[in-house]
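What the coordinates show
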Amino acid sequence: METAHRGAYALAMCVHCRRFIRQLRVSQRVIRHLPDEQAPELEALLKAMQAQQQQGSDADSGDSAK
């Protein structure tokens, strides 16, 4: 059996693989319906997360200097 056919067979027979492929297809459909422009609240959330991560890494580096 060819490698490509073997892979397709595994995807068709494996319950976990089929579930994963279904999840990918659902994700694709959801992403296609998202607006192209980025929401301003997402930008604010990103900045807040980056600030929190920076504060955490600053605290970690301060602990290692002791």
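Residues numbered from 1 in each chain as written. Predicted model: local features only at pLDDT ≥ 70, side-chain atom pairs only at ≥ 80, totals over all residues. Heavy atoms only, no water.

The secondary structure content of the protein amounts to three helices and zero strands. Traced from its N-terminal end to its C-terminal end, the protein shows the element sequence α-α-α. When each of the 66 residues of the protein is scored for burial, the buried share is 0%. Accessible area of the protein: about 6200 Å², with a carbon and sulfur share of 59%. (Helix = DSSP H or I, 4+ residues; strand = E, 2+ residues; numbered from the N terminus. Buried < 20%, exposed > 50% of the residue type's maximum accessible area, 1.4 Å probe, protein only. Areas by Shrake-Rupley, 256 points an atom, 1.4 Å probe, with all protein chains shown as cover.)

Judged by side-chain polarity, Val-26, Val-30, Ile-31 and Leu-34 come together as a nonpolar surface patch covering roughly 370 Å² of accessible area. You can see Val-30 is positioned in helix 2 (residues 15-32). (Patch = residues over 30% accessible without salt bridge, like charges linked within 9 Å, V, L, I, M, F, W, Y side chains within 5 Å. Salt bridge = Lys/Arg side-chain N within 4 Å of Asp/Glu carboxyl O.)

Moving on: the confidence of the model for the protein. Do not read the fine detail of predicted coordinates wherever pLDDT is low. Scored by pLDDT, the protein has a mean of 81; 83% of the residues are at 70 or more. By mean pLDDT, helix 1 (residues 3-13) is the weakest element of the protein at 72, and helix 2 is the strongest at 92. (pLDDT = per-residue confidence, 0-100.)

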